[in-house]
Each structure stands twice: as structure tokens, then as C-alpha cells.
Amino acid sequence: MTVVRRALPEDAAEVLRLRQVMIDSLAEAAGPTGWQTVSLPGLRARLADPDGDFGAFVVDHPERAGALAALVVGTVEYRIGRAGNPLGTLGYVFSVATDPDARRRGYARAGMDALLAWFRERGVRQVHLTASAEAEPLYVSLGFRPKPDPLLELLL
């Protein structure tokens, strides 16, 4: 059985390392990592607040002490309510990563199960994510369905 736990402030550097693993898997070449130094204090603060709207769940690496094998992170967001979601709460999964040497062991699934339970505890009934083609079968097996949602983006 895979042991999943909430990430702690002392896990922050490893959380950022695994986030970079995810980012690199989506890009053609490894990206810069200088952003991690700027991100570290804010991430530590969020990890120190177990009652906040930020949920990070990790699996410790079974072969490397102090390292993480997998990471699943999401947030609870508020939107004005509507039919089907009158409270306006929305879960958003934005980072799922498994260390390359720890893949195919069920860690991402176990982390997603923990994150989805966390969302349910907070009254979230709708969860969104963006999936790579490689990861889509996992999410479909958890009940996620594709939506024809045209995303537009503006960088400020």
C-alpha cells in the first residue's frame, strides 16, 4: 500500500524539484530553474497552512531518504455560483509529477485519490485539470471527462 501524506514546509525544495520534472516532461528541452529560489518562501508558507486552499500531497521515495517519489497539488478556487455548482467552489489540479525512477508504481493514482478526498472534505464537487496525452488514461480512470472548453490566455 502506498503511503500518501500532506507535504510539509520542509518538503518545499523537493516539491519544486518534482514540479520541474513535470514542466520538463511537457517541454522539448529542460527549462531554467532559477524561478525556484523566488518561489520557495511562498511555497513554504502555503505548505505551513493546513487549513488553506492549497493542497499538496506527496509520496516519499522508497529508495532515497529525504527525496520525494511523487507529488500531486491542487487548489480550491471560488467562482460565483451557478446551476450545478451553487456554492461556486472549484478544485483545480495543477501539478502531478512522479520521479522518473519511481514511475509505474501507482504513486500518482494514490496522490490523486488523496487530493480528491481533500477536495470532497472542502465541499468541492467539480474538479478541473489539464492532462498530457500520457497521463490522460489515469485521469479518465478516475472519472474525469474531456470538455470542449476553449481556453484563452493573456500574459500580463
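Report on the accompanying structure. (Residues numbered from 1 in each chain as written. Predicted model: local features only at pLDDT ≥ 70, side-chain atom pairs only at ≥ 80, totals over all residues. Heavy atoms only, no water.)

Let us look at the nonpolar core. By size, the foremost hydrophobic cluster in this structure holds 17 residues, and its most contacted members are Val-15, Leu-43 and Leu-47. For this core, the secondary structure elements donating two or more residues are helix 1 (12-26), helix 2 (35-47), strand 2 (54-60) and strand 3 (68-78). With six residues, the top contributor of residues to this core is helix 1. Ignoring anything within four residues of it in the chain, the contact list for Leu-43 reads Ala-12, Val-15, Leu-16 and Phe-54. Listed in part, the 16 residues of the second largest apolar core include Leu-115, Val-124, Leu-138 and Phe-144. (Core = buried A, V, L, I, M, F, W, Y, C linked by side-chain atoms within 4.5 Å. Buried < 20%, exposed > 50% of the residue type's maximum accessible area, 1.4 Å probe, protein only. Helix = DSSP H or I, 4+ residues; strand = E, 2+ residues; numbered from the N terminus. Contact = heavy atoms within 4.5 Å.)

Between its first and last C-alpha, helix 2 extends 18 Å over 13 residues, near the 18 Å set by a 1.5 Å rise per residue. Roughly 35° is the biggest bend found in helix 2, and it falls at Pro-41. Among all positions of helix 2, only Gln-36, Leu-40, Leu-43 and Leu-47 are buried. Here the buried face of helix 2 lies against helix 1 and strand 2. (Expected span 1.5 Å × (residues − 1). Bend = angle between axes of the 7 residues up to and from the residue.)

Okay, the environment of Val-59 next. If you trace the backbone, Val-59 turns up in strand 2. If we ignore the near neighbours within four places in the chain, the residues touching Val-59 are Thr-2, Val-3, Val-4, Leu-68, Ala-69, Ala-70 and Tyr-107.

With that settled, consider the packing of aromatic side chains. For the structure shown, the criterion picks out four aromatic pairs. Geometrically, the ring pair formed by Phe-54 and Phe-94 is tilted, given 6.2 Å between the ring centres and 40° between the ring planes. Of this pair, Phe-54 sits in strand 2 while Phe-94 sits in strand 4 (residues 89-98), and the two are 40 residues apart along the sequence. What makes Phe-94 partly exposed here is its relative accessible area of 27%. A centroid spacing of 5.5 Å and a plane angle of 50° characterise the contact between Trp-118 and Phe-119, whose relative ring orientation is tilted. By relative accessible area, Trp-118 is classed as buried at 3%. Pairwise contacts between aromatic rings join Phe-57, Trp-118 and Phe-119 into one cluster. (Phe/Tyr/Trp six-rings, centres within 6.5 Å; stacked < 30°, edge-to-face > 60°.)

Attention now moves to the packing of helix 1 against helix 2. Running from N to C, helix 1 and helix 2 cross one another at 125°; their axes reach a closest spacing of 9 Å. Compared by their axis directions, helix 1 and helix 2 come out oblique. Where helix 1 crosses over helix 2, the handedness of that crossing is right-handed. Within the contact between the two elements, helix 1 uses Ala-12, Ala-13, Val-15, Leu-16, Arg-17, Arg-19, Gln-20 and Ile-23 and helix 2 uses Trp-35, Gln-36, Ser-39, Leu-40, Leu-43, Arg-44 and Leu-47. Residues of the contact of helix 1 with helix 2, tallied by class, amount to nine nonpolar, three polar and three charged. (Axes fitted to C-alpha atoms, helices over the stretch in contact; angles between N-to-C directions. Parallel < 35°, antiparallel > 145°, perpendicular 65-115°, else oblique. Left-handed = near helix turned anticlockwise from the far one by under 90°. Nonpolar A, V, L, I, M, F, W, Y, C, P; charged D, E, K, R; others polar.)

Geometric descriptors of this kind do not, in isolation, establish any biological role.
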